[in-house]
Each structure stands twice: as structure tokens, then as C-alpha cells.
Amino acid sequence: MTGAKTNRLLGRLMTGVAGAVLCGTAVLAQDAAPARVDQGVDIAPFCGTDPIRVALVDGWGGDTWRKITFAELQDEASACENVTVEDHSDAGGDQQSYNAAINGYATQGYEIILAFTDFGDAAIPAYRMSNGNGTTMVPYFNQLSGRPGFDYAVNPYQDSFAIGAQYADWLATALDGEGNVLMLGGPAGATSSAVFLQGFKEGLSAHPGLTLLDDNFIATNWNPADAQKAAAGLIAKYGDTIDGIASDFGVTTLATVKAFEQAGMEVPAQATIATSNELNCKYTEAVEAGTAWKYLALDGSTADIRFALRQALAAHNGIKIDEPLGVVPYVYADSTTDTMPKCSDTAPPDADLSSLLPEDKLQALFAQ
């Protein structure tokens, strides 16, 4: 995977260093039970009747995950005759361009602006300026510290705390209740990784036979090279005493698996999220060869935007919606239940095949 493509992939996790404050952990822990991404409600009651134009703003875009996400948005909106997804902006990692795109759509009078929370709380001023006067501003994916109804209309988010707790429960099953575990995260201090870790620790508290070898998450910068170095360091430090590893990014997991294989060691159990075609093909090949590791992949995150659109429409049209703001992925692969992920010879290595798009639309997207 190229460095540029990896950097674009990191955008969807980067609320960390510049993003949402850690006080969000308490909110996540106490909030209503999250919805599963593949079990959303029908959009029809929230469409309204007036024409609604929707724009999507990405801070980092261009990779296959983002392309699938935009296609999911278009697919969800197609159920509303009055709703059109008219534009998609990619800021290329530049926050000023990101803010300018949001302000531009608001000036043009777009009724709904969806924005991926690539820059976390740092973008709240831009959200605040664009929210109101007929425009419904909805930042989504990571939980922010702003005020709904003032800084933005509503903030749907992926519930990282709940996912971390799910990792712990799965590892307890995969390891028969006993073993040494670790968690890999992004850059040191990344808030999103810290929220994952808090949920992981909360889940581990119910499984005293599982021992967390390091009280902090292991920094990988969500970068394949750095992740492989970090894994090599863990191998040198702990040897074969590592029984399970949780990670908040599939790229990190793939690099970790490669590090253990290169060291000639058995790969520990892996619990991860946001996987890729490359990682899942590697796993399916290992299953066929009888060398597979214990594996949990939670996926479907490209469909989070469907929840964001429904929340945005409900807010814009003043319609009550009972769907939770928090969303969690579904189980895409699970070695404990023989749930196998998809592997495609034709899809890009970074493709997320867990999408809720119909198969024909997904394949058409890859052919573009």
C-alpha cells in the first residue's frame, strides 16, 4: 500500500491527537445502547417532501473506503425522491480547505452538509458557522465535545468504547478465559485509541483470567511500517507469552500478522476493526493452509454514513427519530463461529467488502 493511500486511510481515525477530548469516554460509557450498523431503521419516515440537497465533505479522501462511503450515501438517499446527493468534496488533508468547503456549501444554501470528523474538535467553529439559516450541519463518525443544536445539528458517531468492550469479551471466548493481551492504537495520545482502550479495560474487568500486559495502548501511528516495528518490539519484549492483540485499525493488524510470521512465531489471536480485502484474503488463505490465527473482524463502517443521513434528515425536517447516535460495526469474521470474511481477486487491496451496498453497485464502483 502506498504512503499516500495509507495517509488517506488514516483520516477516518485521526480525531486522536487533534480531535475529540477524552471526556467523551464517559459519555460513550453511559450513553444509550448503540445501534448495529447493519440493522438501521427505514429512512422513508424522515425524507420529508421539500427538495433537499446533500453535500459530503471529507478531510482525507480518494481511497477506496471513502469512495464506498460516498456510494453508500447515494444509495441511502435514493430511497427519498426529494433528496439528492449533489456534491462531494475532498480536502486532501488540509483543514483550511475542509473548512472552506463546508462554508462554501452553506453559502450555496445546501440543506444538509455531512462532514467526516477528520479534524475533530478543531473543526467545530466551521460547523457552528454553517449550522442554521436553513442548513443542517452534521459532523459524523467520531464523537465531538461540541453542543448539539448550537455547534452542529447532531453528531452521530462510531461507539469506540462499546467496540473495545466487545474485543475483551471475544478474546475471553477465543482464549478460553485465560491469556496475556495487548492493545495497539494510533499515535501516542490519540483520543480515539484511548476511548477504545477504556472500553477494552472495562470489558477485561469481567474476565480476570485475561492480563493486560501494558496499561497503555501501543502506539503504531496507524502506519504499516511503524506498526510492524512496534509488533517486532513486542515480540522482543514478551516473546511467545502474547496470546491476543486488539487493534483499532485493520492496517495495524495486517502489519502485526506479518511481523509474527516473519519472526517464525505463531500469530496471536487478533481482534480488529476496519479491515481490508488484503487482510481478509490473507486470513482466508491461512485458513485453507491450516495456519490461521484466531480472528475477529468488526466491519461495515462505510455504512455509518447511512445513520448520519437519517439523523440529518430527522433534524432538518423536525421529525423525532429513535435511532441511537452511537453505532457499532457488525461481526464480519469470527474464527470462534467459523464466520468467514469475503476475499476478492478483483477488488483493490484496500477495499472494504463488508459494505452494505448491493453487490452489483459495489463491483461497478471497483470497475470505475
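The following refers to the structure shown.

1. A short note on the sheet that holds strand β5 (residues 136-140)
Read from one edge of the open sheet, four strands run β3-β2-β4-β5, paired in parallel fashion. The open sheet has two edge strands, β3 (83-90) and β5, and neither has a second partner. For this sheet, the mean inter-axis angle between neighbouring strands, taken without regard to orientation, is 20 degrees. As paired strands, strand β4 (residues 112-116) and β5 are joined by five bridges and run parallel to one another. Within β5, the position partnered with I112 by the bridge is T136. Seen against the sheet, helix α5 (residues 95-107) touches β2 (52-58), β3, β4 and β5 and runs at an angle of roughly 175 degrees to β2. Where helix α12 (residues 304-317) meets the sheet, its contacts fall on β2, β3, β4 and β5, and the angle it forms with β5 comes to roughly 155 degrees.

2. Quick word on the side chain of T135
Residue position: T135 is located in the loop between α6 (124-130) and β5. Given the relative accessible area of 5%, T135 is considered buried. Within the local environment of T135, its side chain forms a polar contact with the backbone oxygen of Y110, the two atoms lying 2.8 Å apart. Dropping the residues within four chain positions of it, T135 is found in contact with A106, G109, Y110, E111, I113 and S130.

3. Observations concerning the packing of aromatic side chains
A complete count under the given rule lists 13 aromatic pairs for this structure. On the basis of an interplanar angle of 65 degrees and a centroid distance of 4.9 Å, the ring pair of Y98 and F119 is categorised as edge-to-face. Pair noted here: Y98 is in helix α5 and F119 is in the loop between β4 and α6, with a separation of 21 residues, a long-range link. Take Y98: its relative accessible area is 0%, and that puts it in the buried class. Residue F119 is classed as buried on the basis of its relative accessible area, which comes to 10%. Among the aromatic side chains, those forming a connected cluster through ring pairs are W65, F116, Y140 and F141. Its guanidinium or amino end placed over the ring of F116, R66 lies 4.1 Å from that ring's centre, counting from NZ or CZ. The cationic tip of R310 hangs over the ring face of F307; the distance from NZ or CZ to the ring centre is 4.4 Å.

4. Considering the pairing of strand β12 (residues 295-299)
Along β12, five of the five residues are buried, which leaves the element largely enclosed by surrounding structure. Here β12 shows two buried faces, one formed by Y295, A297 and D299 and the other by L296 and L298. Relative to β12, strand β11 (residues 269-273) runs parallel, the two sharing four bridges. Its bridge partner being in β12, T272 is matched across the sheet by A297. Bridge analysis of β12 against strand β14 (residues 330-334) gives four bridges, and the strand direction is antiparallel. From the neighbouring strand, D299 faces β14, where its bridge partner is Y330.

5. Quick notes on the pattern of salt bridges
For the coordinates displayed, the defined rule picks out 17 salt bridges. Salt bridges sharing partners connect three or more residues here, namely E72, D75, E76, R306, R310, E323 and K361.

6. As for the state of the cysteines
Across all of its chains, the model carries two disulfides by this definition. Sulfur-sulfur distance for the disulfide between C47 and C80 comes to 1.9 Å. Its torsion about the S-S bond being -65 degrees, the disulfide of C47 and C80 is classed as left-handed. On the criterion of sequence distance, the pair formed by C47 in the loop between β1 (35-36) and β2 and C80 in the loop between α4 (64-77) and β3 is long-range, its members being 33 residues apart. Neither residue differs from the other here; C47 and C80 are each classed as buried. The side chain of C281 participates in a disulfide bridge whose partner is C343; the two sulfur atoms lie 2.0 Å from each other. Judged by the sign of its S-S torsion, about 105 degrees, the bond between C281 and C343 is right-handed. You can see C281 sitting in helix α11 (residues 277-289) and its partner C343 sitting in the loop between β14 and α13 (359-367), a full 62 residues away along the chain. Overall, the relative accessible area of 10% leaves C281 in the buried class. Exposure remark for C343: the relative accessible area of 35% places this residue in the partly exposed category.

7. What about the environment of D176?
Tracing the backbone shows D176 in the loop between α7 (160-174) and β7 (179-185). When its relative accessible area of 68% is taken as the criterion, D176 is described as exposed.

8. Some thoughts on the nonpolar core
In terms of nonpolar packing, the biggest core is built from 29 residues, with I163, Y167, W170, L171, M183, F200 and I273 touching the most fellow members. Filtering out sequence-adjacent residues up to four positions away, Y167 remains in contact with F196, F200, A246, S247, D248, A271, T272, I273, L296 and L298.

9. Thoughts on the packing of α4 against α12
For any two helices packed against each other, one specifies the inter-axial angle together with the distance between the axes. Here α4 crosses α12 at 45 degrees, and the two axes come no closer than 8 Å. One finds that α4 runs oblique with respect to α12. Crossing handedness for the pair α4 and α12: right-handed. Of the residues in α12, those in contact with T69, E72, L73, D75, E76 and A77 of α4 are I305, R306, L309 and R310. When the residues that make up the contact of α4 with α12 are grouped by side-chain class, the tally is four nonpolar, one polar and five charged.

Rules behind the numbers
Residues numbered from 1 in each chain as written. Predicted model: local features only at pLDDT ≥ 70, side-chain atom pairs only at ≥ 80, totals over all residues. Heavy atoms only, no water. Pairing = 2+ DSSP bridges. Helix = DSSP H or I, 4+ residues; strand = E, 2+ residues; numbered from the N terminus. Axes fitted to C-alpha atoms, helices over the stretch in contact; angles between N-to-C directions. Contact = heavy atoms within 4.5 Å. Buried < 20%, exposed > 50% of the residue type's maximum accessible area, 1.4 Å probe, protein only. Polar contact = N/O pair within 3.5 Å; in protein donor to acceptor, adjacent residues only side chain to side chain. Phe/Tyr/Trp six-rings, centres within 6.5 Å; stacked < 30°, edge-to-face > 60°. Lys NZ or Arg CZ within 6 Å of the ring centre and 35° of its normal. Salt bridge = Lys/Arg side-chain N within 4 Å of Asp/Glu carboxyl O. Disulfide = S-S within 2.5 Å. Core = buried A, V, L, I, M, F, W, Y, C linked by side-chain atoms within 4.5 Å. Parallel < 35°, antiparallel > 145°, perpendicular 65-115°, else oblique. Left-handed = near helix turned anticlockwise from the far one by under 90°. Nonpolar A, V, L, I, M, F, W, Y, C, P; charged D, E, K, R; others polar.

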